[in-house]
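What follows is the residue order along each chain.
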Amino acid sequence: MVVHFLIAFAAAVLAVLAGLVLLRLADRRGRARASQGRGLDRAQEPIAFLFQGGTLVDATTPARTLLSSLPGDGDWQRLSAWLGMRLPEFGALLPDLGGAARIEMKERGSDNPLRLLAEDLGDGMLRLTLADPAAEDAGILVDSLSLRAMEHELEILRGAMDLSPMLAWRQDRHGQITWANSAYLNLAEAKAQGQTVWPLPRIIDLSARPVQPAAAAGARRVQVEHDGQSRWYDCHLHEIGGQTVAIALPADAAVRAERSLREFVQTLTKTFADLPIGLAIFDRDRNLQLFNPALIDLTGLATGFLTARPTLYAFLDRLREARMVPEPKDYRSWRSQMSSLEAAAASGHHVELWSLPGGQTYRVAGRPHPDGAVAFLFEDITSEISLTRKFRADLSLGAEVMDALEDAVAVFAANGDLLISNRRYAELWGAAPATLEGHMQIWTEACGASPGLATLRDALNAALPDEPMRGAMAGPAGGLLFWGLRGLSGARLLLSFAAPVPALASGREPARAAEGPEPARDAAMSRVLTG
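All of these numbers come straight from a predicted model, not from anything done at the bench. Here, residues in each chain are numbered from 1, in the same order as that chain's written sequence. Residue-level local features of this predicted model are given only where pLDDT is at least 70; pairs of side-chain atoms are given and counted only at 80 or more, and the full residue set underlies all totals for whole chains, interfaces and linings. Derived side-chain values reflect all non-hydrogen atoms in the structure, with water molecules and hydrogen atoms excluded from consideration.

So, the pattern of salt bridges: which residues are in play, and what are the values?
Once their charged atoms are close, side chains differing in charge can pair, the charge on each being opposite to the other. Just to be clear on terms, a salt bridge is a Lys or Arg side-chain nitrogen sitting within 4 Å of an Asp or Glu carboxyl oxygen. According to the stated counting rule, one finds eleven salt bridges in the structure shown. Across the pair D234 and R221 runs a salt bridge whose closest N-O atoms are separated by 2.7 Å. Highlighted residues: D234 in strand β10 (residues 229–240) and R221 in strand β9 (residues 220–226), separated in sequence by 13 residues. The buried label applies to any residue whose accessible area, calculated with a 1.4 Å probe on protein chains only, is under 20% of its type's maximum; exposed applies above 50%, and partly exposed to all values in between. On the accessibility criterion, R221 (1% relative accessible area) is buried. Secondary structure elements follow DSSP: runs of H or I of four or more residues count as helices, runs of E of two or more count as strands, with numbering from the N terminus.

Quick rundown of the packing of helix α2 (residues 61–68) against helix α3 (residues 75–86)? Include the residues and the values.
For every element, the axis is a line fit to its C-alpha atoms; helices are fit only across the contacting stretch, and the angle between N-to-C directions ranges from 0 to 180 degrees. Relative orientation of the contacting elements α2 and α3 amounts to 85°, with a least axis distance of 10 Å. On the basis of the axis angle, α2 is roughly perpendicular to α3. Two secondary-structure elements touch here, α2 through L66, L67 and S68 and α3 through D75, R78, L79 and W82. Each residue is assigned to one class: nonpolar for Ala, Val, Leu, Ile, Met, Phe, Trp, Tyr, Cys and Pro, charged for Asp, Glu, Lys and Arg, and polar for all the others, Gly among them. Classifying every residue of the contact of α2 with α3 gives four nonpolar, one polar and two charged. These descriptions rest on fixed angle ranges, namely under 35 degrees for roughly parallel, over 145 for roughly antiparallel, 65 to 115 for roughly perpendicular, and the rest for oblique. For this analysis, residues touch if any pair of their heavy atoms sits within 4.5 Å.

Please set out the sheet that holds strand β20 (residues 480–488) residue by residue, giving values where relevant.
Following DSSP output, two strands are said to pair if at least two bridges run between them. In spatial order, the strands read β18-β17-β21-β20-β19; together these five strands make up an open sheet with antiparallel pairing. Every other strand in the sheet has two partners, leaving β18 (418–421) and β19 (469–474) as the edge strands with one partner each. With direction set aside, neighbouring strand axes in the sheet form an average angle of 20°. Taken together, the three bridges between strand β17 (residues 408–412) and β18 define a ladder with antiparallel strand orientation. In the sheet register, F412 faces β18, and the bridge partner there is L418.

Lay out the side chain of E352 in plain terms, naming residues and giving numbers.
Here E352 is to be found in strand β14 (residues 350–355). Here E352 is buried and forms no salt bridge, its nearest opposite-charge partner R363 lying at an N-O distance of 11 Å. A polar side-chain atom of E352 sits 3.1 Å from a polar atom in the side chain of H350. Contacts described as polar in this section are N or O atom pairs within 3.5 Å, which, within protein, must combine one atom able to donate a hydrogen with one able to accept it, while residues neighboring in sequence count only if both atoms come from side chains. At 3.0 Å, the side chain of E352 and the side chain of W354 are in polar contact. In contact with E352, not counting residues within four places along its chain, are Q337, L341, Y362, R363 and V364. Counted charges follow a simple rule, with Lys and Arg positive, Asp and Glu negative, and His plus the chain ends left uncounted.

Please set out the side chain of T244 residue by residue, giving values where relevant.
Of note, T244 is situated in strand β11 (residues 243–250). When its relative accessible area of 13% is taken as the criterion, T244 is described as buried. In this structure the side chain of T244 is engaged in a polar contact, spanning 2.8 Å, whose partner is the side chain of E239. Setting aside residues no more than four positions away along its own chain, T244 makes contact with W169, R170, Q171, L206, L237, H238 and E239.

Which residues make up the environment of L288, and what values go with them?
You can see L288 is positioned in strand β13 (residues 288–291). With a relative accessible area of 1%, L288 lands in the buried category. Residues L288 and A375 lie 87 residues apart in sequence; the distance between their C-alpha atoms is 9.5 Å. Those residues in contact with L288, other than ones at most four positions away along the chain, are A280, I281, F282, L306, R309 and P310.

Geometric values such as these leave the question of function open.
Given below as structure tokens:
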């Protein structure tokens, strides 16, 4: 009985132990399966696309995630553009896939190159499988906030590049375009009549010589023909990671402004060429930058000397050697005078008259220009000076003739202003006022009211007489005074006053002359006063 109990107890213990072993084995298998399941979950799902006739039929989850992050329209267009930037031969080899069951491509110039497997499944079915060695079994844990911040920054940078009007692209050492922004893609599609072809064509050949230098330092200006029009760009190049990053800024406005400036300068040059005044413009360093043919004619300097852009002092020294400047006492005073001329011209408008040894007279004007430049104008005024001297001589002669007259003479303008009077008039009436009314007041105060003065006043206020008018009035000293009025050109009036001629000198009335001058004067005065 006891034996049977022990046997039964041992059997139960063995059964329990066997169960525990089985449970342990099952637990290990479960853990292995769980561990294997977690490893499969961690492993990356392949990035695979299935297209039929350019239409996406199916794709794995990572593949759809990749498509959603690519810019553009259409699944095939977005994917082909993205692959074309990394695999330049993608666009060229893909049409020939019908002759081969599969083609493998690998990215160039990268330590972890992207690999592409393209398989033709028949009936227009194409399977594309991407493999990124850098992401396989990487085991990298990324903070969700950091990832979100990086994605946000990437979105901002991508949007800024796509909205920018400038052309931006990257090309490898072989000249293949590996990346381009939206402005470059749009221009490439426009030049290709709406078709996007990979690899992208090179719109701007960076290896070619620039058409013209750009205004910005380190840039080159190139011309792009499109739709029969020329577009200008200033290209800036940078080497990054063994590839060339190029940024082309639109320069159409700058080119138009420079062309307008050149045309304006050409117009000014043609205008300066016809001027009789010599022109010489010196820059801020005082080097000759612009001159006209009249400067050669006036100074006699050689054209080769002027085209060599001499300095201002070399220019003035050459003028001194050619005896085209005033003769200085010594060279030191000459340099001092020229330094003063430069300083005065640079600070403001300055004019000098140069009397040359040859008898010529030049007017030299200096004017400041923007950015520290200065311009000198040389004008031959010899004829003007001669005419002025002759005019002054004629005026002096006329004044001497009028002062030599015995009659007091004054000429009035049409508005009554005094134009000229002689010395005898000043001796007779004193200081001469500026207007005719002032003269009438002086006559009235000196001679008193009389019929003869009233007749003169009426004649002066009346219309310009055709014939000379004469009369007599009481003089300032109580004697008789004859006046004469004559009309001149320009509605001017010539008024003269003369004392009566003595009888013996005139040869008239000898009997009255014996009586003496006083009775004759009294008789004449009585006739004037009684009218």
